[in-house]
Amino acid sequence: MNKVILMGRLTRDPEVRYSQGENNMAIARYTLAVDRRFQRNNEQSADFISCVAFGRSAEFAEKYLKQGTKLCITGRIQTGSYTNKDGVKVYTTEVVVEDQEFAESKNAAQSGGADFAASRPTPSAASGDGFMSIPDGIEDELPFQ
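Residues numbered from 1 in each chain as written. Predicted model: local features only at pLDDT ≥ 70, side-chain atom pairs only at ≥ 80, totals over all residues. Heavy atoms only, no water.

Visitor: Talk me through helix H1 (residues 55-64); I want residue IDs and the actual numbers.
Guide: All of the buried residues in H1 are Gly55, Ser57, Ala58 and Ala61. When H1 is viewed along its axis, its buried side chains cluster within an angular range of 160° and face the same direction. Those residues of H1 that are exposed and angled more than 90 degrees off the buried face are Arg56 and Lys63. Looking at the buried residues of H1, the elements they touch are strand E2 (15-18), strand E3 (26-35), strand E4 (46-54) and strand E6 (89-102). (Buried < 20%, exposed > 50% of the residue type's maximum accessible area, 1.4 Å probe, protein only. Helix = DSSP H or I, 4+ residues; strand = E, 2+ residues; numbered from the N terminus. Arc of directions from axis to C-beta. Contact = heavy atoms within 4.5 Å.)

Visitor: Which residues make up the pairing of strand E5 (residues 70-83), and what are the values?
Guide: Bridging between strand E1 (residues 4-10) and E5 involves six bridges; their strand directions are antiparallel. By the bridge assignment for E5, Leu6 is matched with Ile73. Pairing geometry for E5 and E6, over 13 bridges, is antiparallel. Each bridged residue has a counterpart across the sheet, and for Leu71 the counterpart in E6 is Phe102. Count of turn residues in the E5/E6 antiparallel hairpin: five residues, of which Gly87 carries a positive phi of about 80°. (Pairing = 2+ DSSP bridges.)

Written as C-alpha cells, this is what we have:
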C-alpha cells in the first residue's frame, strides 16, 4: 500500500501550469514544510516535501492556497528520474495529492496562528442553550496534531 498523510505549511505560493493539447489540465506544484515530531537539542526542524496536484485539486490550489497556508493532504509517493541539460541523471520523489484540506481556520491563518490562550472561553461565554461557544483556533491546542 502506498499512502501518505501530511500536515504542514506551504513554503511558497503553488506553481500552476496547464498541460498542452485538446484536454488541457491544471498541474500544481508546491512544497510543504512538515515539522518533525522529535527535536534534537530543543531545535525545531522540518522536512520539505514536494507535492503535485492534478485537475480540480490543482485548480483549487491555484485559487485558494498561498504561502503559509496550513494543509493536511493525503496522497501517494511517486519516484521518477530524468536527465538534466548537463547529462546528469536526476532522481525525484514527490507526493501525488489525492485530497487536500485546510488544517486551520481562516481566522487563525490571518492572525498568524496567534496564541489560543488569549481567546479561551470563560464559563460566562455559555450561550442560552447551555453549551459553551468554541472559538476558532482550538485546533492549535489539541495534543494529537
